[in-house]
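Results of the structural survey
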Amino acid sequence: MKEYRIKQRFWSIGGKFEITDQYGAVNYYVTGSFMKIPKQFIITDSFGNRVSTITKVIFQFLPKFDVSLANGQNFRIKKDFTFFKSSYQIDGLGLSVKGDWWNMNFSLLEGNKKVASISQKWFKLTSTYDIQVYDEKYSDVVISLVIAIDYVKEQEASSRSASSSSDSGN
């Protein structure tokens, strides 16, 4: 089992941060594009080797991300249309999700076998996630998935904030 912690920096232009393991060693670096369309995240390992590229699909009603892993595997994360709770689909991965995506407390399953657990730390100034990967061959996939979903949540929160501030100005 491998444990990771994702803790984003509060003032990071474009999104640049490190992902550490349970011992505090940096295992991944995440660099988000700044002022680039479409939005893109590059994830590299601690040696600078590209692990994955996450690209937001533009001109979509609901957010979609294409993820390309260095091993040639590709999958798409897309947000479903729902009224109350956010729901996401993962196409082309062969994994299912059990738990609460929106509150970032869920597990990834291959059949009935749990391959990873993700939980968000609340009451923190920045997004902080604890991730347990039970089968390390899924580490790159899980890290990429969490980064994409966190970005969707961040965008939704900022759009809600902007709409509520414009509503209060009337």
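The coordinates are above.
To start, this report covers the structure provided alongside it.

Definitions and cut-offs
- Residues numbered from 1 in each chain as written.
- Predicted model: local features only at pLDDT ≥ 70, side-chain atom pairs only at ≥ 80, totals over all residues.
- Heavy atoms only, no water.
- Salt bridge = Lys/Arg side-chain N within 4 Å of Asp/Glu carboxyl O.
- Helix = DSSP H or I, 4+ residues; strand = E, 2+ residues; numbered from the N terminus.
- Buried < 20%, exposed > 50% of the residue type's maximum accessible area, 1.4 Å probe, protein only.
- Core = buried A, V, L, I, M, F, W, Y, C linked by side-chain atoms within 4.5 Å.
- Contact = heavy atoms within 4.5 Å.

This next bit is on the pattern of salt bridges. Within this structure, the stated rule accounts for five salt bridges. For D91, the salt bridge is made with K78, and the minimal N-O distance between the two is 3.0 Å. Of this pair, D91 sits in strand β8 (residues 88-91) while K78 sits in strand β7 (residues 74-79); the two residues are 13 residues apart in sequence, bridging distant segments of the chain. Given a relative accessible area of 23%, K78 falls into the partly exposed group. In this structure, K113 and D135 form a salt bridge, with 3.2 Å as the shortest nitrogen-oxygen distance. Taken together, the positions of K113 in strand β11 (residues 113-121) and D135 in the loop between β12 (128-133) and α1 (139-168) put the pair 22 residues apart, joining distant regions of the chain.

Topologically, Y29 is positioned in strand β3 (residues 26-32). C-alpha separation for the pair Y29 and I42, spaced 13 residues apart in sequence, amounts to 8.1 Å.

Moving on: the nonpolar core. As a rule of thumb, nonpolar side chains are buried together in soluble globular proteins. Core analysis: the largest hydrophobic core is formed by 39 residues, its most contacted members being L108, I118, I131 and I147. The greatest single-element share of this core, amounting to ten residues, is contributed by α1. Those residues in contact with I118 that lie beyond four places of it in its chain are M104, N105, F106, L108, Y129, D130, I131, V142 and V146.

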